[in-house]
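Working through the structure, step by step
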Amino acid sequence: MAGGAVASTAVDSGLNSLLDPRRKWYNNRRIIALNGWIVLLLITSSTNGYDGSMMNGLQSLPQWQGYFHNPGSSELGLLNAIQNVGGLAAYPFAPYLSDGIGRRPTVFIGAVIMAIATALQGAAQSSGMFIGARFLIGFGLTFAANAAPMLVSEIAYPRYRAQLTATYNSLWYSGAIVAAWTTFGTFKINSTWAWRIPSILQGLPSILQIVMIWFVPESPRYLISKGKHEKALDVLAYYHGDGNRDDPLVQYEFNEIKTAIEYDQTVAANVGWKSLFATPGNRKRMRIIIALAFFSQWSGNGLASYYLNKILDDINITDSTTQLLINGILAIWNLIWALLGSAMTERLGRRFLFLFSGFGMLLFFTSQTIAFAQFQINAQPAAAHSVIAFIFLYYACYDVAFSPLIVAYTVEILPYPLRAKGFNVFNFTISLALIFNQYVNPIALEHITWKYYVVYCCWLAVECVFLYFYVVETKNLTLEETAALFDGEEATNEILGNGLNAVDRNEKQSGSLDEKEVIETLEKI
């Protein structure tokens, strides 16, 4: 762990020397355009967040409850979990599409499936049709959610890559906010349109992606892996070097990516699914990735995310308007803290944020458990109010790390040849955890109420121990440098060396730096 921190500091000073200080996100038209296309990819996460919050809100709508004959705990579990079952069905295909036909076409395919599925969901005439539509939403979302965050991390300008990739999962809450307040707004409609309107609106981000996705640049890493070196260099030069192919940063990135891909394909022999666990470095990656995927769903957050109305019922807050209002305010609160965590990713580091989040969640979830128990045993109104307060404090801690970092951290620690497959394992693990949560949580809450919270308190303690011993710091590193951190000094030196040699070679040829300046730049790195 200490070695990672040292590497971060060393590389940071060198990488910064290659970044033009005049190129900022607000004054460079090409970076502005690039970030605009990245926003189009970020809304994939909004679709997912919309779904969870919408299902939370629909459960508080009498119109939805009545139309589907007041579903019990098991039925509610199925209605929530079926989306992730659809996701599981798509996982065997998603990485092959992302690596085979490219990131952009994979996002497009996922968006088309989701747009069709949300139309079916809004037009549902029976619970079977509603369930089938939600299965298709999960199926399509898997394709888009596999490719979109990888494309964000692979095309972003280096100075803003970490923050933008972290923002991807944080925008889960932007979708949650729209869904929460949409269901609050349609609550007064005395017909099935009270739930059909929110169901149909879920498809808007997908429709936008269908129309605009082909304007987004393809991943230079994908292009290089397919032998399209000139096209990859054009993309890097246009967005990262103001059109200058010989820009030091462009040459560094291009040669570093090319070397990293060649290294992983030849030296490390990273091919096939077995390669995910074939080397010590890859086993270390997968241990962290799988653990974070489970932690992101088994930290107690699944209770309020999908069954907030049942929790509020248990503390005697049963008014539908009040429940919908709390759901809407909680979504806004979550987005604020998640975006704050995204902004602090490079400044505070991944390891600090994960540890702060883990120990904070343990503290406030334990407090929430005590307050819940006090209300159940003594029926104290103050205890009920404390439960709500601790839910908000708990989510603040969850949001600063687990909302922004689980996707960003997973993508950046995987080398390119393994990125799609490894990220697919991450999403597959999340779906397994969600299916368990969505089906088991309502049943457990109904039968053992506050005692079920104790299970999560114990699990959170386990999470804190894991995070302390296994999370490696990766701030201020490029994707290739971060991936090399797990493969030992030889891989790091080879990847860095090729990038730096390209900088040295191009600067001497262009004459933009004299020899002394080149040597100083290389020594910094």
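Residues numbered from 1 in each chain as written. Predicted model: local features only at pLDDT ≥ 70, side-chain atom pairs only at ≥ 80, totals over all residues. Heavy atoms only, no water.

Right, let's talk about the overall build of the protein for a bit. Looking only at helices and strands, the protein has 26 helices and zero strands in total. In the protein, buried positions account for 61% of the 525 residues. For the protein, contacts bridging at least 24 residues in sequence account for 82% of all contacts bridging at least 6. Accessible surface computed for the protein: about 19400 Å², of which carbon and sulfur atoms make up 65%. (Helix = DSSP H or I, 4+ residues; strand = E, 2+ residues; numbered from the N terminus. Buried < 20%, exposed > 50% of the residue type's maximum accessible area, 1.4 Å probe, protein only. Contact = heavy atoms within 4.5 Å. Areas by Shrake-Rupley, 256 points an atom, 1.4 Å probe, with all protein chains shown as cover.)

Looking at the protein as a whole, the pLDDT averages 84, with 88% of positions reaching at least 70. Confidence, read as mean pLDDT per element, is least for helix α26 (residues 515-524) in the protein (41) and greatest for helix α6 (residues 103-122) (96). Counting contacts from residues 510-525, a segment whose pLDDT is below 50, to residues more than four positions away or on other chains yields 20 contacts. (pLDDT = per-residue confidence, 0-100.)

Under the definition given, this model contains 38 aromatic pairs. Centre to centre, the rings of F295 and F466 are 5.5 Å apart; their planes meet at 85°, and the pair counts as edge-to-face. In this pair, F295 sits in helix α15 (residues 280-297) while F466 sits in helix α23 (residues 451-470), placing the two residues 171 residues apart along the sequence. Grouping residues by exposure puts F295 and F466 together as buried. Here a set of aromatic residues connected by ring pairs shows up, and it is made of F354, F365, F372, Y394, Y395, Y398, F402, Y409, Y452, Y453 and Y456. Sitting above the plane of the Y238 ring, R30 keeps its charged end 4.1 Å from the centroid. One Lys or Arg, R351, reaches over the ring of Y468 and ends 5.3 Å from the middle of that ring. (Phe/Tyr/Trp six-rings, centres within 6.5 Å; stacked < 30°, edge-to-face > 60°. Lys NZ or Arg CZ within 6 Å of the ring centre and 35° of its normal.)

Viewed as axis vectors pointing N to C, α15 and helix α21 (residues 405-413) meet at an angle of 165°, and their least axial separation amounts to 10 Å. Here α15 is positioned roughly antiparallel relative to α21, judged by the angle of their axes. The element α15 and its partner α21 pack so that their crossing is left-handed. On α21, the residues touching R285, I288, I289, L292 and S296 of α15 are I406, Y409, T410 and I413. Here the residues of the contact of α15 with α21 are counted per class, giving six nonpolar, two polar and one charged. (Axes fitted to C-alpha atoms, helices over the stretch in contact; angles between N-to-C directions. Parallel < 35°, antiparallel > 145°, perpendicular 65-115°, else oblique. Left-handed = near helix turned anticlockwise from the far one by under 90°. Nonpolar A, V, L, I, M, F, W, Y, C, P; charged D, E, K, R; others polar.)

Right, let's get into the side chain of R161. Assignment of secondary structure puts R161 in helix α8 (residues 161-170). For R161, a relative accessible area of 7% gives the class buried. Those residues in contact with R161 that sit more than four places away from it in its chain are S153, A156, R350, E412, L477, T478 and L479.

A few words now on α15. Along an α-helix, residues three or four apart share an orientation, since each turn contains 3.6 residues. Relative to the 26 Å expected for 18 residues at 1.5 Å per residue, α15 spans 27 Å between its end C-alpha atoms, a close match to the ideal helical length. For α15, the complete set of buried residues consists of G281, N282, R285, M286, I288, I289, A291, L292, A293, F295, S296 and Q297. (Expected span 1.5 Å × (residues − 1).)

The next subject is the pattern of salt bridges. The tally for this structure, following the rule as stated, stands at 13 salt bridges. We note a salt bridge from E412 to R161, for which the minimum N-O separation is 3.4 Å. On the criterion of sequence distance, the pair formed by E412 in helix α21 and R161 in helix α8 is long-range, its members being 251 residues apart. Residues R350 and E346 are paired through a salt bridge, measuring 2.3 Å at the closest nitrogen-oxygen approach. Taken individually, R350 and E346 each receive the classification buried, so the pair is uniform in this respect. Through salt bridges with shared partners, a single ionic network connects D20, R22, R23, D242 and D247. (Salt bridge = Lys/Arg side-chain N within 4 Å of Asp/Glu carboxyl O.)

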